Amino acid sequence: MFGICRGFQEMNVAHGGTLWQAVQDVGGHMDHREDKTATLDAQYAPAHDIYLEPGSQLAALAGHAEVVRVNSLHSQGVRALGRGLAIEARAPDGLIEAFRVESAAAFALAVQWHPEWHVLSQPLSQALFAAFGAAARERAARHRAQPR
């Protein structure tokens, strides 16, 4: 499973977490929304850093980097993290930007940003989709190997 943006938010709620409806209105949080008057390239351009949790799955995918720059196009954000989820990355204001499902037998990661935008020019985005694709192929192979 790979949750992106709203999928990230929905996974959190499905695990019993809650959301800020307008992060930009919450004291101490930055405005994570895009400028809707800008071009799409400007809207989806890298907007802020995220700080990867040491030893996390995301840090491993990022070559053990500590900081990565991502785009930001959302007003909602995780207020309380759902049960069974582990933080993978945070924005400079502390807002959760990525998490994983702790008990997942396979790839189960969610990110608040849009890694699909200009994926070929973003090494972390490439690594995320490669890992998700590999997990999907492994699952398909297990399914094909099961007796019917």
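Here, every reference points to the structure presented above.
Residues numbered from 1 in each chain as written. Predicted model: local features only at pLDDT ≥ 70, side-chain atom pairs only at ≥ 80, totals over all residues. Heavy atoms only, no water.

A.B. asks: Just checking my understanding: could you explain the sheet that holds strand β1 (residues 2–4) for this structure?
C.D. replies: Across a sheet, paired strands are connected by hydrogen bonds in the backbone, their directions being either parallel or antiparallel. Within the open sheet, the six strands sit side by side as β1-β8-β7-β6-β3-β4. Their pairing is mixed. Single-partner strands in this sheet number two, and they are β1 and β4 (67–70). The mean inter-strand angle of the sheet, taken between neighbouring strand axes irrespective of direction, is 25°. Bridge analysis of β1 against strand β8 (residues 109–111) gives three bridges, and the strand direction is parallel. Each bridged residue has a counterpart across the sheet, and for Ile4 the counterpart in β8 is Val111. In this fold helix α1 (residues 6–14) packs onto β1, β6 (85–90), β7 (96–101) and β8, with an angle of close to 55° to the strand it touches most, β7. Where helix α4 (residues 123–145) meets the sheet, it contacts β1, β4 and β8, and its direction lies at approximately 140° from that of β1. (Pairing = 2+ DSSP bridges. Helix = DSSP H or I, 4+ residues; strand = E, 2+ residues; numbered from the N terminus. Axes fitted to C-alpha atoms, helices over the stretch in contact; angles between N-to-C directions. Contact = heavy atoms within 4.5 Å.)

A.B. asks: What am I meant to see in the pattern of salt bridges here?
C.D. replies: Two side chains that carry opposite charge are able to pair once their charged atoms sit near each other. This model, assessed by the stated rule, comprises four salt bridges. Here Arg33 makes a salt bridge to Asp31, at a shortest N to O gap of 2.9 Å. Asp31 gets classed as partly exposed once you look at its relative accessible area, which sits at 43%. (Salt bridge = Lys/Arg side-chain N within 4 Å of Asp/Glu carboxyl O. Buried < 20%, exposed > 50% of the residue type's maximum accessible area, 1.4 Å probe, protein only.)

A.B. asks: Honestly, the packing of aromatic side chains in this entry has me stumped. Any pointers?
C.D. replies: Pairs of aromatic rings are described using the distance from one ring centre to the other and the angle between the two planes. Inspection of every chain in the model, using the stated rule, returns six aromatic pairs. Residues Phe2 and Phe107 carry aromatic rings whose centres are separated by 5.7 Å and whose planes lie at 90° to one another, so their mutual orientation is edge-to-face. Placement of the pair is Phe2 in strand β1 and Phe107 in the loop between β7 and β8, with a sequence separation of 105 residues. For the pair Phe2 and Phe107, a shared accessibility class is recorded, and that class is buried. Residue classification places Phe2 among the buried residues on the basis of a relative accessible area of 14%. The structure contains a cluster of three or more aromatic residues connected by ring pairs, namely Phe2, Phe107, Phe129 and Phe132. (Phe/Tyr/Trp six-rings, centres within 6.5 Å; stacked < 30°, edge-to-face > 60°.)

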